[in-house]
Amino acid sequence: MFRLLKIKFLLFLAVTGVTQTQAQQKIISGIVKDQHSEEPIPFASVYFVNTRIGKLTDTAGHFQFILNGWPSDTLEISTVGYQTFQFVIDRKKDSFQLNVMMERGTFNQGVIVRAKVNPGLFLWRKIVQHKNQNDRYRFENFSYELYNKLEVDMKNINFQKFSRFKPLKPISELIKGSVDTSEGLPYLPAYLTEVLSDYYYQKKPLKRREVIKAVNTNGVKNESIIGFLGGMDQNVNMYNNFIPVFNKQFVSPVSDNGDNYYIYRVIDTQMINQQRFYHLSFVPKRRGENTFEGDSWIHAGTFAIQKMNLRLGKDANVNFVDNLSMIQEYQLLDDSTTWFLAKDKFVVDVTPVGSKSIGLIGRKTTTYRNIVVNDSSVVRELNKNKLFEEVHTLDGAADKNRSFWTDNRHEQLSKNESAIIKMMDTLTNAPAFKKFTNTLYFITVGYVNKGIFEFGPWFNVMTANSWEGFRTRFDLGTNTRFSKKLWLHSYLAYGFGDKQFKWKAEAFYLMNRHPRTALRASVSDDLEFGQNYFGEVTADNIFALAIRKNNIPIKFMRVNEKLLGFYHQTKSGFSADLSATHKTFTPLQNIPLKDSIRFTGSGRPFTTFETTLKLRFAYLERFLESNFNRLSIGSPYPIPELTVTKGMAGVWKSSYSYTKVSGSISDFIKIPPLGSIDFYLYAGKTFGTLPYVLLDIAPGNELYYYNKYAFNLMNKYEFVHDRYTGFNFEHNIGNGLFRFIPKLKFRQFWNIKMLWGRLSAENKALNFINGHNFQSLDGKTYMELGTGIDNILKVLRLDLVWRVSPSPIPKQTSKRFGIFGSFRFSF
């Protein structure tokens, strides 16, 4: 009995002792992440200050301490490339759960030891030597399921200041009701999209195919954007010599010439799942070059990249970008020797004005599953292609329900991402938000929508010139509420000087979107304001008033035009544009009038009817599209065009028979690290004896705003030809000499424009009359050379242009040298 009581007493002491020990235990745990990319930081050093107690975070960035007491009142976390983080411990508490966001520092930390062999350089050489064994494009073919998630948020929104501006007050109240703003300046969600697709690749012959299976869009909905969220635009391959960042090419840290651009250091070695990995860091050798800084983990046996972290330095010459992170992770396939891409992450902070101002933060995450390499199933799927690259969106891809996404997305949405979806529903359906977006659209694009109608653009409402005096114009068109197939537009203008109305009415019918097929028709009676190009200032809007060259007589011509056209494009990128046009030209001022040009035919002078066929081939050209309009963002191949025009006399009092043939080829080529080249080669011939209005008039520019498509030191109607050839060439160097002053972020360029032309004796006799200074080059060369500074204050470009030949004749107002300005928006 006594023995039994003794045992119970000892058990009681043991239990109470354990309880007391547990009560004294101190626990601190957490996860360490990059503040910008929110990616976990593995193997960061976590230790208590002034003690020997510490450890490293695991591969997922986690750490945990279980202690009998707090050894120090400060926990410090440090790792190469980040600022040291310190957490002050409240000794009265027994546990802490930390979410540590590390701010970026520099990779130039630590003592640099000079040695005969640089371990970092040695490791870089090994990576380069083993590229062919580790790059995924070494396989004959592969496929995978791709999950893409894109989130765009507004940042640095101060709701107190936001609500002081009366038009924004309703938006501020709406946001406050949906977002917790108690922790400072929150992110305002703008866009969240998920795309699930199957991607297929074959090396020889090259074929690519993507089948988009599901799309979930929250925010702005635009079908053309979906194509850019798939695998076709996953162009980041760390093993390439250059890595694209917006429209620039940056030198990869594992480039074949990387030692010319980077300093490498091996800063650690770790065992992960019984595999040895080297921790390699790299920083640019020189400031101002297109290079990254960052670190990577390299597998010791294969010298394959297991993880790569890239970020832009503060001296990187990229506009509007405050921070940028690119992360790639690789995984071992089943054979345990083959590394393949597992995850991409791209995070960018865009701040148009400054890091403290309102901006955007975009996050794109891509994951890869169900990877198959060198398999006949991939070949069978690619054999369905008619072109070497095709993207298909399955029917109903945008109609998947919530349960589908719960089961099929590769990673579940975070709490913040789920809140974004709810927030977007609230915002997009709120009248106050719709009013705000409509106002922003009016200010930036120029149009305002009311019901089924669209008014604008506002910048064409008024202007002035020497013929019309003060000119006002009113535009009215339909929008997609009227029809998603048919667009109608018209305007009425009035000049208070000539006391004449001018007008235009046009219709556009979109028969098919992909591939594009459309009908268009228009009738107009207005002054001719020259050739219009996207992004160039024309003479019929308010901005032209301030930038016209002095002492150059403005040429005025009125044109009455009727047009009917049909456009069709094939999936291959081949397009045909067939049109019939009837025009009557009426010269008004500073160009030869109708009665000064000899006319012997029937019909009406200066009246023509012509049919035109324009053929164009733009292989793999990509577009950003609205419902009716689209903007080309280029093709990876040269774009040829051929135009044939036939003029016919006797149709609606037309007076001239002639044939015109012209052709061109253009391309934009990136040549890293030397920048990019943009060229345009063209030629044409007109068969027939015609008045100058139907000949080929070299494009001149009478504004101080630089026009990339015209000769900027040539006046309009200065040179007239019926045969011509020419080319425009521009080399954008990038930083150039300005890399020695990286804070300016200026960019260099140079260009050359040349033209050769002739005019037949018959056309000279008809058009070269006393009192007008028409010229023909007669086989001589017209040449302009230019250089200048781009990216001044991020948006301005200054062009210095020299007219090399021919010299301006005394009566002309052309100059040998000119300075021009323009706005150019580019990253």
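The structure we're discussing is the one just above.
Residues numbered from 1 in each chain as written. Predicted model: local features only at pLDDT ≥ 70, side-chain atom pairs only at ≥ 80, totals over all residues. Heavy atoms only, no water.

Colleague: Can you walk me through the nonpolar core in this structure?
Modeller: Note on soluble globular proteins: their nonpolar side chains tend to be buried together. Phe292 and Leu312 are the most contacted members of the largest nonpolar core, which has 51 residues in total. Among the elements that take part in this core, strand S18 (residues 339-350) stands out by supplying five residues, more than any other. Ignoring any residue separated from it by four or fewer positions in sequence, one finds Leu312 in contact with Val245, Phe250, Thr291, Phe292, Val318, Val321 and Leu324. Val32, Ile41, Phe65 and Leu75 belong to the second-largest nonpolar core, a separate cluster that totals 19 residues. (Core = buried A, V, L, I, M, F, W, Y, C linked by side-chain atoms within 4.5 Å. Buried < 20%, exposed > 50% of the residue type's maximum accessible area, 1.4 Å probe, protein only. Helix = DSSP H or I, 4+ residues; strand = E, 2+ residues; numbered from the N terminus. Contact = heavy atoms within 4.5 Å.)

Colleague: Quick question: what am I supposed to make of the pairing of strand S35 (residues 676-687) here?
Modeller: A regular strand places its side chains on the two faces of the sheet in alternate fashion. Inspection of the sheet shows strand S34 (residues 658-670) paired to S35 by 12 bridges, in the antiparallel sense. By the bridge assignment, Lys660 is partnered in S35 with Thr686. Between S34 and S35, which pair antiparallel in sequence order, lie five residues; one of them, Gly675, sits at a positive phi of approximately 100°. Pairing analysis gives 10 bridges linking S35 to strand S38 (residues 723-734), with the strands arranged antiparallel. When the bridges of S38 are listed, Tyr682 appears paired with Gly726. (Pairing = 2+ DSSP bridges.)

Colleague: Just checking my understanding: could you explain the sheet that holds strand S1 (residues 26-34) for this structure?
Modeller: Strand pairing within a sheet occurs via backbone hydrogen bonds; the two strands may be parallel or antiparallel. With mixed pairing, the three strands of this open sheet are ordered in space as S4-S1-S7. Looking at the sheet topology across the chains shown, the edges are occupied by strand S4 (62-67) and strand S7 (95-102). For this sheet, the mean angle separating the axes of adjacent strands, direction not counted, is 15°. Taken together, the eight bridges between S1 and S7 define a ladder with parallel strand orientation. Note that in S7 the partner of Val32 across the bridge is Val100. (Axes fitted to C-alpha atoms, helices over the stretch in contact; angles between N-to-C directions.)

Colleague: What exactly am I supposed to notice about the pairing of S34 here?
Modeller: Here strand S33 (residues 639-647) pairs with S34 via nine bridges, running antiparallel. Counted as the bridge partner of Pro640 is Ile665 from S34.

Colleague: Can you help me understand unusual backbone geometry in this one?
Modeller: Working note: non-glycine residues mostly have negative phi, and peptide bonds are mostly trans. Cis geometry marks the peptide bond from Gly456 to Pro457, where omega comes out at 15°. With an omega dihedral of -5°, the bond running from His514 to Pro515 counts as a cis peptide bond. With respect to the helices, strands and loops of the structure, Pro515 is situated in the loop between strand S26 (500-512) and strand S27 (517-527). Residues other than glycine seldom take positive phi values, yet Asn374 does so here, at roughly 50°. Mapped onto the fold, Asn374 is located in the loop between strand S19 (359-373) and helix H7 (376-382).

Colleague: What am I meant to see in the environment of Thr686 here?
Modeller: Structurally, the position occupied by Thr686 is in strand S35. Judged by its relative accessible area of 4%, Thr686 falls in the buried class. On a C-alpha basis, the gap between Thr686 and Tyr658 in space is 7.2 Å, while along the polypeptide they are 28 residues apart. Beyond its immediate stretch of four places on either side in the chain, Thr686 contacts Thr659, Lys660, Leu695, Asp696 and Asp722. A polar contact is formed between the side chain of Thr686 and the side chain of Asp696, at a distance of 2.9 Å. (Polar contact = N/O pair within 3.5 Å; in protein donor to acceptor, adjacent residues only side chain to side chain.)

Colleague: Help me understand the side chain of Asn701 in this model?
Modeller: Here Asn701 shows up in the loop between strand S36 (696-697) and strand S37 (720-721). A polar side-chain atom of Asn701 sits 3.0 Å from the main-chain amide nitrogen of Leu703. The residues touching Asn701, leaving out its near neighbours within four places in the chain, are Lys549, Tyr706, Asn707, Ala710, Phe711, Asn712, Met714 and Phe820.

Colleague: Can you walk me through helix H9 (residues 415-428) in this structure?
Modeller: Relative to the 20 Å expected for 14 residues at 1.5 Å per residue, H9 spans 20 Å between its end C-alpha atoms, a close match to the ideal helical length. Every buried residue of H9 is accounted for by Glu417, Ile420, Ile421, Met423, Met424 and Leu427. (Expected span 1.5 Å × (residues − 1).)

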